[in-house]
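# Reading the structure
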Amino acid sequence: MEIERKFLLKELPASLEKYPCRTIEQGYLTTNPVVRVRRDEQDYYMTYKGSGLLAREEYNLPLTKEAYDSLLTKCEGNIISKKRYLIPIDDSDLTIELDVFAPPFAPLIMAEVEFKSMEEANAFCPPSWFGEDVTKNPAYHNSNMAMRDFNIT
């Protein structure tokens with residue numbers, strides 16, 4: 001079960017470059033149900049995600065590079081590329097996954113935080129540099145973003 005909240009940002013945190021960063025590329029074979037293929041640096045996965053906004057089932061299956069490359073050609077819509085920074089939250093075991101999207105989604109920047117329980121997710125107080133909570137807005141699910149042009153102005 002994935003329990004996650006998503007936020008737009010008011011501003012970037014200071015010294016972003018000091019945090020670990022990964023490059024992610026992903027495409028969607030279908031969006032209902034969500035079946036995604038992802039390259040995360042040199043790791044490759046196919047992921048099934050159930051329905052839901054704050055909490056949903058998620059299953060990952062490892063892929064070879066060759067299987068990923070083949071499946072990526074079958075994806076619908078836009079391929080999403082982003083840099084993901086991992087920012088620990090002081091005095092907790094939580095990590096902010098800050099995604100800086102490449103075109104056509106740039107200049108979109110979103111932060112996601114995953115939780116162990118619904119209670120923990122609902123009690124979370126975001127840092128002051130977080131903006132709007134878009135957890136319950138399906139337009140900000142990557143699977144929906146991939147299926148349309150996404151202009152942020």
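Described in the following lines is the structure provided in the data block. None of these values were measured; they are calculated from a predicted model.

Criteria and thresholds
- Residues numbered from 1 in each chain as written.
- Predicted model: local features only at pLDDT ≥ 70, side-chain atom pairs only at ≥ 80, totals over all residues.
- Heavy atoms only, no water.
- Helix = DSSP H or I, 4+ residues; strand = E, 2+ residues; numbered from the N terminus.
- Buried < 20%, exposed > 50% of the residue type's maximum accessible area, 1.4 Å probe, protein only.
- Polar contact = N/O pair within 3.5 Å; in protein donor to acceptor, adjacent residues only side chain to side chain.
- Contact = heavy atoms within 4.5 Å.
- Phe/Tyr/Trp six-rings, centres within 6.5 Å; stacked < 30°, edge-to-face > 60°.

What follows deals with the side chain of lysine 49. Summarising the element assignment, lysine 49 is placed in strand E4 (residues 43-49). Under the relative-accessibility criterion, lysine 49 is labelled buried at 8%. A polar side-chain atom of lysine 49 sits 3.3 Å from a polar atom in the side chain of glutamate 2. A distance of 3.1 Å separates a polar atom in the side chain of lysine 49 from a polar atom in the side chain of glutamate 58. Not counting chain neighbours up to four residues away, the residues in contact with lysine 49 comprise Glu2, Pro33, Val34, Arg36, Arg56, Glu57 and Glu58.

Let us look at the packing of aromatic side chains. Considering all chains together, one arrives at seven aromatic pairs under this definition. Geometrically, the ring pair formed by tyrosine 48 and tyrosine 59 is stacked, given 6.1 Å between the ring centres and 25 degrees between the ring planes. Within this pair, whereas tyrosine 48 is found in strand E4, its partner tyrosine 59 is found in strand E6 (residues 58-62), the two being separated by 11 residues in sequence. What makes tyrosine 59 partly exposed here is its relative accessible area of 48%.

Position of threonine 135 among the secondary structure elements: in the loop between strand E10 (130-133) and helix H3 (142-146). Here the side chain of threonine 135 touches lysine 6 through a polar contact of 2.8 Å, landing on its backbone nitrogen. At a separation of 2.6 Å, a polar atom in the side chain of threonine 135 contacts the side chain of aspartate 133. In this structure, threonine 135 is in contact with Glu4, Arg5, Lys6, Leu53, Leu54 and His141, ignoring residues within four places of it in sequence.

These figures come from the coordinates and say nothing about function on their own.
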